[in-house]
Each structure stands twice: as structure tokens, then as C-alpha cells.
There are 6 protein chains.
Amino acid sequence: VNEGALLAARKNKDKVDMSDLESAKDKVMMGAERRSMVMTDEEKRNTAYHEAGHALVARLVPGADPVHKVTIIPRGRALGVTQQIPESDKYTYSKENMLARITVLLGGRASEELIFDQMTTGAGNDIERSTELARKMICEWGMSDKLGPVTFGKKEEQIFLGREISQHRDYSEATAVEIDSEVRRVVNECHDEARRLLQENIETLKRIAETLLDIEVLNAEQLDEIIDGKSPKEAKE
Amino acid sequence: VNEGALLAARKNKDKVDMSDLESAKDKVMMGAERRSMVMTDEEKRNTAYHEAGHALVARLVPGADPVHKVTIIPRGRALGVTQQIPESDKYTYSKENMLARITVLLGGRASEELIFDQMTTGAGNDIERSTELARKMICEWGMSDKLGPVTFGKKEEQIFLGREISQHRDYSEATAVEIDSEVRRVVNECHDEARRLLQENIETLKRIAETLLDIEVLNAEQLDEIIDGKSPKEAKE
Amino acid sequence: VNEGALLAARKNKDKVDMSDLESAKDKVMMGAERRSMVMTDEEKRNTAYHEAGHALVARLVPGADPVHKVTIIPRGRALGVTQQIPESDKYTYSKENMLARITVLLGGRASEELIFDQMTTGAGNDIERSTELARKMICEWGMSDKLGPVTFGKKEEQIFLGREISQHRDYSEATAVEIDSEVRRVVNECHDEARRLLQENIETLKRIAETLLDIEVLNAEQLDEIIDGKSPKEAKE
Amino acid sequence: VNEGALLAARKNKDKVDMSDLESAKDKVMMGAERRSMVMTDEEKRNTAYHEAGHALVARLVPGADPVHKVTIIPRGRALGVTQQIPESDKYTYSKENMLARITVLLGGRASEELIFDQMTTGAGNDIERSTELARKMICEWGMSDKLGPVTFGKKEEQIFLGREISQHRDYSEATAVEIDSEVRRVVNECHDEARRLLQENIETLKRIAETLLDIEVLNAEQLDEIIDGKSPKEAKE
Amino acid sequence: VNEGALLAARKNKDKVDMSDLESAKDKVMMGAERRSMVMTDEEKRNTAYHEAGHALVARLVPGADPVHKVTIIPRGRALGVTQQIPESDKYTYSKENMLARITVLLGGRASEELIFDQMTTGAGNDIERSTELARKMICEWGMSDKLGPVTFGKKEEQIFLGREISQHRDYSEATAVEIDSEVRRVVNECHDEARRLLQENIETLKRIAETLLDIEVLNAEQLDEIIDGKSPKEAKE
Amino acid sequence: VNEGALLAARKNKDKVDMSDLESAKDKVMMGAERRSMVMTDEEKRNTAYHEAGHALVARLVPGADPVHKVTIIPRGRALGVTQQIPESDKYTYSKENMLARITVLLGGRASEELIFDQMTTGAGNDIERSTELARKMICEWGMSDKLGPVTFGKKEEQIFLGREISQHRDYSEATAVEIDSEVRRVVNECHDEARRLLQENIETLKRIAETLLDIEVLNAEQLDEIIDGKSPKEAKE
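Note that this is a predicted model, so its numbers are computed, not measured.

1. Things to note about the overall build of chain A
In terms of helices and strands, chain A carries nine helices and five strands. Going residue by residue from the N terminus, the α and β elements of chain A occur as α-α-α-β-β-α-α-β-β-α-α-β-α-α. Overall, the C-alpha framework of chain A stretches about 60 × 45 × 35 Å when taken along its three principal axes. For chain A, the share of sequence-separated contacts (at least 6 apart) that also reach a separation of at least 24 residues comes to 62%. Carbon and sulfur atoms provide 48% of the accessible area of chain A, an area that totals close to 11,200 Å². The averaged location of the 45 negative side-chain charges in chain A is 3 Å from the averaged location of its 35 positive side-chain charges.

2. Points about the interface of chain D and chain F
Facing the 33 residues of chain D at the interface are 34 residues of chain F. Here chain D meets chain F over a buried area of about 2,700 Å², counting both sides, of which 55% is carbon and sulfur. By the criterion of area lost to chain F, the three top residues of chain D are D:Met119, D:Thr121 and D:Arg184, representing 24% of everything that side buries. With a shortest N-O distance of 2.9 Å, D:Arg184 and F:Glu178 are connected by a salt bridge. Between the two partners, chain D and chain F, sit 14 residue pairs in polar contact (both at pLDDT 80 or more). At the level of secondary structure, the elements contributing two or more residues to the side of chain D that touches chain F comprise α4 (95–116), α5 (124–139), β4 (163–168) and α6 (173–200) of chain D. Ranked by residues supplied to the side of chain D that touches chain F, first place goes to α6(D) with nine residues. Of the residues assigned to the side of chain D that touches chain F, the class counts are 13 nonpolar, 11 polar and nine charged.

3. A word on helix α3 (residues 41–60) of chain A
Given a rise of 1.5 Å per residue, 20 residues ought to cover 28 Å, and the 28 Å separating the end C-alpha atoms of α3(A) matches this to within 8%. α3(A) sits mainly inside the fold: 14 of its 20 residues count as buried.

4. As for the pattern of salt bridges
Going through the model one piece at a time under the given rule, you end up with 76 salt bridges over all chains. Between D:Arg196 and D:Glu193 there is a salt bridge, with the nearest N and O atoms lying 2.9 Å from each other. With D:Arg196 and D:Glu193 both in helix α6, this residue pair falls three residues apart, about one helical turn. With relative accessibility at 38%, the residue D:Arg196 sits in the partly exposed group. By relative accessible area, D:Glu193 is classed as partly exposed at 25%. A single network of salt bridges, built from pairs that share partners, joins A:Lys11, A:Lys13, A:Asp17 and A:Asp20.

5. Here's the deal with the side chain of A:His54
Residue and element names in this part refer to chain A. By secondary structure assignment, the location of His54 is in helix α3. Only 3.5 Å separates the side chain of His54 from the backbone nitrogen of Gly108, close enough to count as a polar contact. Discounting residues that sit within four places of it in the chain, His54 has contacts with Thr82, Val104, Leu105, Gly107, Gly108 and Asp126.

6. A word on the relation of the copies chain A and chain D
Expressed as a screw transformation, the operator carrying chain A onto chain D has a rotation angle of 60° and an axial translation of 0.0 Å, and the superposed copies differ by an RMSD of 0.1 Å. In symmetry terms, the pair is related by a six-fold rotation axis. In terms of C-alpha distance to the rotation axis, chain A has A:Glu173 as its closest residue, with the C-alpha 7.0 Å off the axis.

7. Some words on a nonpolar patch on the surface
A cluster of nonpolar side chains, namely B:Val1, B:Val16, B:Met18 and B:Leu21, defines an oily patch on the protein surface of about 420 Å² accessible area. Tracing the sequence through the fold places B:Leu21 in helix α2 (residues 18–30).

8. Quick notes on the packing of aromatic side chains
Residues and elements named next belong to chain C. Inspection of every chain in the model, using the stated rule, returns 12 aromatic pairs over all chains. The interplanar angle of 85° and the centroid separation of 6.0 Å between the aromatic rings of Phe152 and Tyr171 together place this pair among those described as edge-to-face. Taken together, the residues Phe152 in the loop between α5 (124–139) and β3 (154–158) and Tyr171 in the loop between β4 (163–168) and α6 (173–200) connect sequence positions 19 residues apart. The ring of Tyr93 has Arg101 lying over it, and the distance from NZ or CZ to the ring centre is 4.8 Å.

9. Considerations on the interface of chain A and chain D
Between chain A and chain D, the residue contacts involve 33 residues of the former and 34 residues of the latter. For the pairing of chain A and chain D, the buried interface totals around 2,700 Å² over both sides, and the portion due to carbon and sulfur atoms is 56%. Of all residues in chain A, A:Met119, A:Thr121 and A:Arg184 bury the most surface against chain D, accounting for 23% of the area lost on that side. Remark: the boundary between chain A and chain D carries one salt bridge. Counting across the interface, chain A meets chain D through 14 residue pairs in polar contact (both at pLDDT 80 or more). Only α4 (95–116), α5 (124–139), β4 (163–168) and α6 (173–200) of chain A provide two or more residues apiece to the side of chain A that touches chain D. Looking at which element gives the most residues to the side of chain A that touches chain D, the answer is α6(A), with nine residues. Broken down by class, the residue content of the side of chain A that touches chain D amounts to 13 nonpolar, 11 polar and nine charged.

10. Focus on the relation of the copies chain D and chain F
Each copy superposes on the other: chain D lies on chain F with an RMSD of 0.1 Å after a rotation of 60° and an axial shift of 0.3 Å. When the interface residues of chain D are mapped onto chain F, a mere 3% of them again fall at the interface, so the copies present different faces.

11. Some words on the packing of α4(D) against α6(D)
Residue and element names in this part refer to chain D. Running from N to C, α4 and α6 cross one another at 60°; their axes reach a closest spacing of 7 Å. What the angle tells us is that α4 and α6 run oblique. The element α4 and its partner α6 pack so that their crossing is right-handed. Contacts between α4 and α6 involve Leu99, Ile102, Thr103, Leu106, Gly107, Arg109, Ala110, Ser111, Glu113 and Leu114 from the former and Val186, Val187, Cys190, His191, Glu193, Ala194, Arg195, Leu198 and Gln199 from the latter. Residue composition of the contact of α4 with α6, grouped by class: 10 nonpolar, five polar and four charged.

12. What about the sheet that holds strand β1 (residues 67–71) of chain F?
Residue and element names in this part refer to chain F. Read across the sheet, three strands follow the order β2-β1-β5 without closing on themselves; strand pairing throughout is antiparallel. Both outer strands of the open sheet, β2 (81–84) and β5 (217–219), are each paired with one neighbouring strand and no more. Mean inter-strand twist for the sheet, computed between neighbouring axes without regard to direction, equals 10°. As defined by bridge partners, β1 adjoins β2 across four bridges and the pair is classed as antiparallel. When the bridges of β2 are listed, Thr71 appears paired with Val81. Sheet strands touched by helix α3 (residues 41–60): β1 and β2. Its angle to β1, the strand with the most contacts, is close to 165°.

13. What about the side chain of D:Thr92?
Relative to the helices and strands, D:Thr92 resides in the loop between β2 (81–84) and α4. By relative accessible area, which is 15% here, D:Thr92 ends up buried. Once you skip the residues sitting within four places of it in the chain, D:Thr92 turns out to touch A:Glu43, A:Leu79, A:Thr120, A:Thr121 and A:Gly122.

14. Here we look at the pairing of strand β1 (residues 67–71) of chain B
Residue and element names in this part refer to chain B. For β1, the buried fraction is high: four of the five residues fall into the buried class. Direction of pairing for β1 relative to strand β5 (residues 217–219): antiparallel, over a ladder of three bridges. Residue pairing in the sheet places Thr71 in a bridge with Val217 of β5.

15. Observations regarding the sheet that holds strand β2 (residues 81–84) of chain A
Residues and elements named next belong to chain A. With antiparallel pairing, the three strands of this open sheet are ordered in space as β2-β1-β5. Only two strands of the sheet have a single neighbouring strand rather than two, namely β2 and β5 (217–219). Neighbouring strand axes in the sheet, compared pairwise and without regard to direction, differ in orientation by 10° on average. Set on the sheet, α3 makes contact with β1 (67–71) and β2; between it and β1 the angle comes to about 165°.

16. Some remarks on the packing of α3(F) against helix α7 (residues 202–215) of chain F
All names here are of chain F. For the pair α3 and α7, interaxial distance at closest approach is 8 Å and the crossing angle is 130°. Taken together, α3 and α7 sit at an angle that is classed as oblique. Here α3 runs over α7; the crossing is right-handed. Facing α3, whose interface residues are Lys44, Arg45, Ala48, Tyr49, Glu51, Ala52, Gly53 and Leu56, α7 presents Thr204, Leu205, Lys206, Ile208, Ala209, Glu210, Leu212 and Leu213. Within the contact of α3 with α7, the residues separate by chemical class into nine nonpolar, two polar and five charged.

17. What about the environment of A:Gln118?
Mapped onto the elements of the fold, A:Gln118 is located in the loop between α4 and α5. Along the primary structure A:Gln118 and A:Ala58 are separated by 60 residues, whereas in three dimensions their C-alpha atoms are 22 Å apart. If we ignore the near neighbours within four places in the chain, the residues touching A:Gln118 are A:Glu112, A:Glu113, D:Ser94, D:Lys95 and D:Glu96. There is a polar contact of 3.5 Å between the side chain of A:Gln118 and the side chain of D:Ser94.

Rules behind the numbers
Residues numbered from 1 in each chain as written. Chains lettered and ligands numbered in written order. Predicted model: local features only at pLDDT ≥ 70, side-chain atom pairs only at ≥ 80, totals over all residues. Heavy atoms only, no water. Helix = DSSP H or I, 4+ residues; strand = E, 2+ residues; numbered from the N terminus. Contact = heavy atoms within 4.5 Å. Areas by Shrake-Rupley, 256 points an atom, 1.4 Å probe, with all protein chains shown as cover. Lys, Arg positive; Asp, Glu negative; His and termini not counted. Charge placed at Lys NZ, Arg CZ, Asp CG, Glu CD. Buried area = accessible area lost by both parts, 1.4 Å probe. Salt bridge = Lys/Arg side-chain N within 4 Å of Asp/Glu carboxyl O. Polar contact = N/O pair within 3.5 Å; in protein donor to acceptor, adjacent residues only side chain to side chain. Nonpolar A, V, L, I, M, F, W, Y, C, P; charged D, E, K, R; others polar. Expected span 1.5 Å × (residues − 1). Buried < 20%, exposed > 50% of the residue type's maximum accessible area, 1.4 Å probe, protein only. Least-squares fit on C-alpha atoms with pLDDT ≥ 70 in both. Patch = residues over 30% accessible without salt bridge, like charges linked within 9 Å, V, L, I, M, F, W, Y side chains within 5 Å. Phe/Tyr/Trp six-rings, centres within 6.5 Å; stacked < 30°, edge-to-face > 60°. Lys NZ or Arg CZ within 6 Å of the ring centre and 35° of its normal. Axes fitted to C-alpha atoms, helices over the stretch in contact; angles between N-to-C directions. Parallel < 35°, antiparallel > 145°, perpendicular 65-115°, else oblique. Left-handed = near helix turned anticlockwise from the far one by under 90°. Pairing = 2+ DSSP bridges.

Structure, rendered in C-alpha cells:
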């Protein structure tokens, strides 16, 4: 709210309106906009399809949080952002929620593969988070039917540093093989699912990406309209 | 007791009665109530069936400590609590006691599986404690017939930090495979047992959960009455 | 001796007699008595049979130190104590002595198994010490015919902490498998021997345990009398 | 720019011209020239073919950044430098870019092998960077079809030292075997490609190396002319 | 020398003679005598045969340093000592010297086995040193025909503690298996050799041990006489 | 130079001549002479053949640096020294150079084996350095045809100690097996080569060693003369 008031003041407005608060929230949650950053057309295009992949998968996979905004304006260290906001505060997550998250995360890479037949380093962070979630599903939340309701690995908190540093491995190599195989199975199945969803809706994917290239930001309603078949031009208005 | 006197004073009572002491004990043992925390109906329902699972298994499995209270009012970091209090102070625990503990811990997850055919992250802590107990049974207390009266792993106390940090592995990979297999066997057998007990008493499970959704807290007598077939309404009074 | 004088003074005695010194020695060697500790009858009974198991095996196995006293009065962190004192100071121990020690340590657990068909966490410390002795026999003292006069593992003293912290593993996984197998063989053979000795003398075991439940402490002579077939009543006098 | 001004001042120039800025840039990016360093003719010749290998592969492999300058004047700790500058700032890199980088890095060693049938320690740094890139492609950016969009290894930042120190291995030995095999496959394929490109253009390679021995530095245009078949003499002018 | 002068002074002698220097040397090299230490006859006998084993093997095995003195008077932490002094200062040792050392070290245990058919913890230190020497022969000095002139393991000196703490393992598990097998082969062959030598000279072994029990200390000449067949009585004079 | 001036001054010379500088250089590069050190004839002879082995192999193997001096006067911690000085400063080394270095290092041990059919601890340092070089060839410089242009192991510099402490193993056990096998192949081939060279020139080897025993130091020319068939006596002059 503070940030919003500052933004309004900077624009010499009398009142802080909703658009100021929206901008403030974006700044806090996604980092400051970096409009001055110069990207090649190729990178812009790549980013647009990457974010469109996230956004479309998030709309199609059951159990995913609703998309609030998609943008290809660089913010912080990201070239683009797809922002999801849950309908209400949540304290526990189901296996379905977790699989949906991983599928959405891999939607960016899947889109690049489908459209450009290429992989980029830009998906590195998505892949890291997917792997981490899959590992937690299996090792902390007992969500693998094969490995059952057992936890693997023991956190070693190092108090003097104020945070957990390493995961102590307390299982056998044979179990490590099973865990690896389950993690890779989960990630690969989500990746396949993301590709399948985007392949089946490839025209929608292209419409979202092209609109993003055109107007750079899409909110939830605009995204709805494009998915419903409206032209980018109609969605813009 | 101190806490109880404070609670009584806050209510302008003349005397500290049993209800004050009960509240004080709950606060100390389970953390402060967080009535202001907003949960979705889905999470409430999930929590009710999770706690009902713990409570019912605790009543059915031989060797478990008696249930003192079940609640779905969030306390500390937990969305709900099933509190067990042993009949008397105990210094040693039998293998039967330990298996009962694990079975009760897994009763929450088992209930969610039976009722919603879903797993949630909420059972993560139960699973971690189950695995830890199963591992101690096998590695510290010699309670595996297969591995015999031998201890595995050596505690490495780090004095300068005032607490034990890591378990030093002093056995071969082949032994690690056997330990893993025994830990998973114990946990899986307890999980199966919890499911079997709940499946055979699924109507009772539903009555407990629905009453919890209705009145949020159940003490030992109320739980008895519901198990004995009384309606939630009757139990309430 | 100091402690004995204090005890005598506390009882307003003129002289420090043998019973004061005995009490002082017990306090120093086994921790202070905790007569105020409330144990359930079940735990008392369990403790009595556990200690009776230690004591009887110590009398039956060749190479064990003589039993000086058996008690089920809690002392320090132990619920009961079987105290052995060697006939003279010893600087080296034979393989036979070591096997006897392990067999005596496992006599407690063996007795619980035979009488109650149950295992408890109370034997955890006995098992830990048995495993440690068996490992030292094999890895430090070259007492395994299979592995020969070779040491395994290198102590890493950390001077700045004033004590040895970890045992550095300097052998292959294949050797680790052999060591594990030898450690388990030694412990299991001693456990079987303890069970066999107690099974063959089960009536004596019961007489010792029941007398302990009755009079709580047995000295060497009383133990002799019970083993010689005297009734607890006779032994008491 | 500062450095360029200093250079101009040192030469008593009135203005800072492009050549001053170029020298300044080289000094900052590649370390100071070490013209005083005495190399044997053999080492000079080796360096010339090594750098010519980098430069020619960089011109031939798709996805590589353009070559800006090649030199066999020692700079910093390097005996020679091939400098590549991307056409525009880039934030993400494709799999093709990464493979090109590795192939260029291995071009130096490949050239030495082809011309002298010898390997030298001088390629150590190129090989280290190639291996690192190949490992990142597979373990951080999910660029291996065989291992899929999964990350392997967890960075352990040690805050108190202000930088990441070690990569925590969180996968099984079986996975480690797959990773090793993929890393070596990628590096070997790039090495083979570099050799193939140089073998097919061995006359060009020789012309570049001989010109370097002659005039020590080649800029982008001179390199173009030599590749286009001009004689070193023509390129010099 | 200082220590010798002190000893002479304590005896009110006018001069420091050879016997004072001998006592001083023993004190410095083997620790102070502990004549007050009470050992059982069994332990005395065991010690005598243990030391006789060391001494006799040292006389029989080629490449061993000459025996200077044998004693069963406890010194420092040892119950007995066999002291060997090389004929001249040596800077390098041959493989034959090393094998002789190990064989002498294992002569104590071998003697106990032959005479008492028993093993004791007293040989723990001999075994540890044998294993260490065998490991160094193989891993540091390239003295294994099977493993060749290669070193295994890298010392990690930790400067801030002023001494080497751990041996870093830089080889594969497969190599570790070979090393273990070679270490055990060397130690076992030396042990067999020690047993063979003692078995073939068992009467001499007994004469040495019995004389030690009688007069507690034997110097080189006395040892010679006993080996040459003189009676203990003759040797005493 | 400073050291040379001091030496000249100590000899009351007017000028610092070449012999002073040579002595100074030896002192700085090889440690101070220890003429007072008493060695047995056996050790002297062993050292002479050891150094003669290094020197002769260095003359025979292609790619080795020229021998500058051989001596059996103890210096620093070494009983003898063979000093090689490259013809010019070198910044990179070929695979041939590295193999030559290892072969020269193993020439000492090979000579002892051929002449005395014995191994000594004196070759420990040579073996350690050979293994280290072979490992670097394979793991850092990509000089193994089997493992290719890939690096293995990641240096972990620990800044606060000012130096690299450990080599982080970032490869699989299967790769470790291949590395070990390559390291051992390289070292064994060089050892065989050293033996072959010495065996084929055994008379020259003996002449060098005997001259060393006679005059203790040989410079490059003297070494040449002995190899050319001159008698030690002729070489002396």
C-alpha cells in the first residue's frame, strides 16, 4: 500500500487508485520493471512463447492456481513473468496441486520445444523448481505410490547460520536409485502432459504469444478472451 | 498452573477452575489457538477427516495411549490436533507401543486416502515422525527380527553446539539396504493396518469427522459416545 | 570414602561402617537412588526380569565377572542395575571375557523375550554396548578368525575438542560387508547363548525375578542361595 | 574509456581515438600484454596453431559468437587469445549456442592434434571449461534428451564466505553414471566436430596460423580475408 | 644423560655409570617403570609369553633390528616391552625390513595363540601398527607387486592444526578392494610366518618366557644364551 | 646471487666466481648439503644406484629435460639428488614431456630393482610425484585417449586458508574405476620403459653409480663422458 501511495504521488495524483496498488504489488512480488533492457527480437519472441506456455498450461491443467497476469516486460532477473494467485489462502496442498505446479513450470520449456524445436538456458530455473517439488513429493510428503508414506533424508539445520544447509542422506544407494527414478518419472510425465496440452491447443498458444509480443502485458480477462477465440486486437480493448 | 491463573484472571473469575487449567495445558502443549485463521471449507473438511483418522485409529489399535482430545481449531503451526495422554508415566516402551504410535500417526493420511482418494502435504510431519520411529526401532532398539539385537549408526554429538547433529553411518551399503527395507516394511504394514481399521469402521470415522466439523472440539467422553453409536447431536450435549 | 562418611553423619552414626561405604560406592558407581520415581507394576515386573536375566547369565557364562549386586531401585537414568566387579584389577581381556560381556549384556533382552514374548526400548543401551564391543573385537583387537589380525578404521582425534570424534573409514565396501557380517554373527551367537542359558534355567530366572520384585535388592550371597534352590523367603533372611 | 584516455595521454596524443579504446578494451578483457615474455619457436608455433584452431572453428560452427580478434601475444596467464564478441547482449542461450561454445573451446586442442599429432598442457583450461559447460547443459539446463528436464545436484551456498562452494550430490550412483556418460558424449561429439571442421579446412587453418606467426594479431576483417583465400601478405595490408 | 645423572644422584653415587645411563634411556624410550602395579599371575604369564614371542621372532626373521632388551616390568601403558635398536642410523628401509617389522609385531599375538589358544586385547596396539605398516608399504611405498609403483590416497594437511588429519581417498571402490586384499595378504603372511617360526622353536620360546617370569628382564646376551640352549639359571648369572 | 656473494665472502675471495653461484643455486634449489650425515655403505650404494637410475633414464628417454648434476651428498631431506634443467623456459608441456618425467622419476626405483632385487622406502616421494603427474595428465589435461578431452574432479579452493585443499569428486564410481585404471596403466608403462632402458644399458648404469660412489658429484659433462664409455677415472679429471 505504501509503495502504491508513492507511485500515485510520483504521478501527481490526488488519490491512490487500483492501478497504483496493482503496480505496487507487481513491483514487490516480481521485482522492478526493467523497460530499459534491450532484448533482440529473437529473445522477445522466445520469451513470449515461453510465458504463453506457462499461462496456457496453467489454464488447462486441473488443480493449478488461476493466472493473474502474464508479461514479457523484464522484471528483476526474469525476462518475463506469469503470475498465479490462489483463490484463497492455502495451508496444505494436494498431490494434484503439486503435479499441476510442476506441469505449469514445464509449460515454458515445452512451448519453446514445440514452436522453435530448441531448448534455452532460460528454463533452468523452472526445471530446478520442478525437480525440487517432485523430490519433496516423494521424499517429504510420501506422495509416491511406489515408495509409500516414508520420508527420505534428514534435514541438518545449522543453527549458527540461522538456516538449514544440507539434507543428510540416511538411505541406501538402492533406495537412492528408486528415488531418482520416481523423481524423473514425475517430472517427465508432467513434461509430457504440458506438451500434450500445448500441442492440442497450439493455435491458442500462438494467439497468446503474439498478443504478448504486441501489447506486452495480459491480465486474467484478456487471457480469457484470447482463449475464447477473440483476436488479439479485440482482447486489447 | 500459572498460565491457568492468568486465563482465569483475564475472564474476571474469582477462582481458577478445571476449564482454565485445561485451556492452559492445551496452550502449553499444543500452541496458542489461532481462531482468526481463515481456512476454506475444503481444508476444514480435510482436517476433520485427518484428525478423525488419528483419533479413531488410536482407539482401535492395541498398545496406543488413550485419546484425550481432538480438535480442528488451528493451534501453532498445526491445522488440527489429536492429543494422546498415557495412563501413567512410562520409562520404557514395548515394540507393540511403538507400532501403535506409527499406526496412529499414519491414521490421518489413511483417512484422507479412504475418504477423498487424495494425499496432501499436511501429512508430511506425521510421515516424518513415523519414519523416524521405525528407524529407531530397527537401528537403536533392536526390534527387527531380521536385523537382530544390533545397533546401526553412531551418534556424533557436537558438544560445542550443545546437541547431537548427525548420525554417523558405520555400516556397509548392503546393511543399509536391509535397514531401508525393514523401515519401509514396518511403515507400510502400519499404514495398511491403519487403512484396514478405518475401512472396517468407516461409518464411525465419518461420524467423528462430521461432529468435529460441527463442534470443532471433542473430549474423550464425547469421542466414546460417538464410537458407541450416538449421534453427533447427542454427543454434543 | 568421603561419600560414606557423609552418609554416616547424615544418619547420626558414631562410626562409618561397611554399609555406609557400600551405599557410597553404589551412589558413585550407579548414580543416586530414585526411590520417589513411580513405576507401573508392569514396568517393575519387566525391570525385575530384565535384571534377573543379566544376573543369571553372568553366573552361568564362562569368563564373566562375578555379580556383586542386583537391584530394581531406579538409579540415575537406569530402572535397575546389575553390578559386576572383577576379582582383581585387569589390564587385558581375552576373547572369552569379551564374548561373556556381550552375552551378559544381552541377557536382559533375552529374558524379556522368553518371559513376556515382547521387546522394550529399555534394552537399547545394552544393545548399543554389545554392538560396540563386538565391533571392537573385530576391528581393533583382531579377534575374528575370518578377518584376521588386522585393524579396520582409523581414529581421528580432534585435538581442539579434547576427544576423539569420529572413526575414519579406510577400507572398502566389500570389507565393510564382511565386518558387518562378523559383528552381527558375534552378537547373534551371544544372544542365542543368553537365551539358551536362560531357557535351561527358566525356573531359577523366575525365582530371582520374583525375589527382586519382593525385596528390590539382592547381593552376591542372596543370589547364590536362590540359584542353589532356596526359596526367596529363605534368601531374604 | 578511462583506460583508453590514459593510453592516449601516454602517447602524447591530443585525442583519444578508436585504437586507444581498442587497446584499453583488450587490456581490461584479456589482461595486459606481456611482450617481454620469451617463448621458444616451438611454443610460438604451437600457440599459433592452437589459436588458429579456435578462430577457424568459431567461423565454421553454427551458433558461435563472431570472432573479434586473434592474437599470439601473451596476455595475463594466456600464451594467446581468441576473442569472440556476441552481436548483441544476450540473456538466454540455446542448446545450439552451447554446443558451438564447446566446439570452439576444443578447436585449439583439435588443431594441435591434427598438425603436430601431440597434446599439450596448454589446452587444460579449454577442456575444463568445456566439461563445465557440458555438465551444466545436462545438470542445470535440462538439455540432455536422455536425462530430460530434471536438475541434478544442489548448490550449497555458504553465506559466510560470500560464494557458492560446493555442489551437493543428491542423486544415486546409477544416475551419476548416466550423467558422466552424457557429459563425455557431448564433449566427445564436439571434439570430433572440431576435428572434422579443421580437417576439411586444413589449408585455411595453416594460412591463419602462419599469418599469426608473421604478424601476431589478426582482426575480424583480416581473418575474413585469409579464409576467403587471400595470402597472408594481402591480409596484412 | 641428564636423566642418568639424576638417577645416580638419587642413589648417592659419586659417578654416573653405564647402568644409570641404561636406566635413563629406558625411562625416556619406554616410560617410567611401574613396579607397584599389581598383575594377576595369569596376566604376568600372558605378558611373558607375549614378549618372548616378539623377542624370539626378532631373532629369527631376516631383516629385523637386533633385540636390545626384553622386560615384563610394566612401563608407561605397556605391561611389557621388547626393545629393538638398529645397528646404525637408517634413512631408508627395504621391503624385507618392513616385512620383518610386521612379523615381529605379530609375534606377541602368535605366541599367545600357540601357548594358550587364546587372544587378548593386549595385542591391539601391535595389530594396529602392523596394519598401518602394511598399508604404507602398499599405498605409499609402492611395495606391492600387484598394485605396482603407484601411491593411493592423498594426505590432507590441515595447517591450522599443525598436523595431518586425514587421508583423502582419491581412488575407486574397486581399487579399495584390491588395497584391502593386499593389506590383509601381507599381514596374514607375516602372522603365519611368526607362528611358523615360533612353532618350530617352541621349546626356546618357553625357555625365554619362563626366564622372564623368573628374572623379569633379559638383555641381548642373556637372550643369546637362552637361545643357545643354556638353562635360565645359567643365563641369569 | 646474494647467496653466492655470501659464500664467496665466507671463503675470503675477492670475486664471486661461477663456482660460488653454482653452490648458491644448489643450496637454494636442493637444500643445504648435509655432509655430516652418516650413512651406512649399504645406503650409500643404494643411493648411488638410485640416482644413477634417474640420471641415465633422463639421458635416454625422449622429451626429458637435460641432466645438470647428479650427487649422493645428502641435501635437505634427500639422500641424493638428480637435477634437471630445461633448455629454455617453458609454459606448456607436451604429453611426451610428461611421460618422460614420470619415466625419469621411476628410474630410481627401477635401478634398485634391477641391481639389488629390492625395493626401499626411499622411492616413496618419486612414486607419489609420478602418480600425481599421471593423474593430472588424465584428469586435468585430457591426455588419455580412452577418457578423452574431459576434466574430472573440481578443485575446491578454500580462500580463508589461502590455498586449495581438496579435490571435489564430481564423477561416478564407474568413471573412478576408469581413471584408476588409466593412471596405473600410464605409471606401469613408464616403469616398464625405465626398466627396459636401464636393462639395455646396465653396464653404463653401473659405471655411473660406481663413479658417484667414488667422487660423489657428477656434472653434465662428466656424465656424458661416462656414458660415452670413458672410465670413471678418466671422467674424474
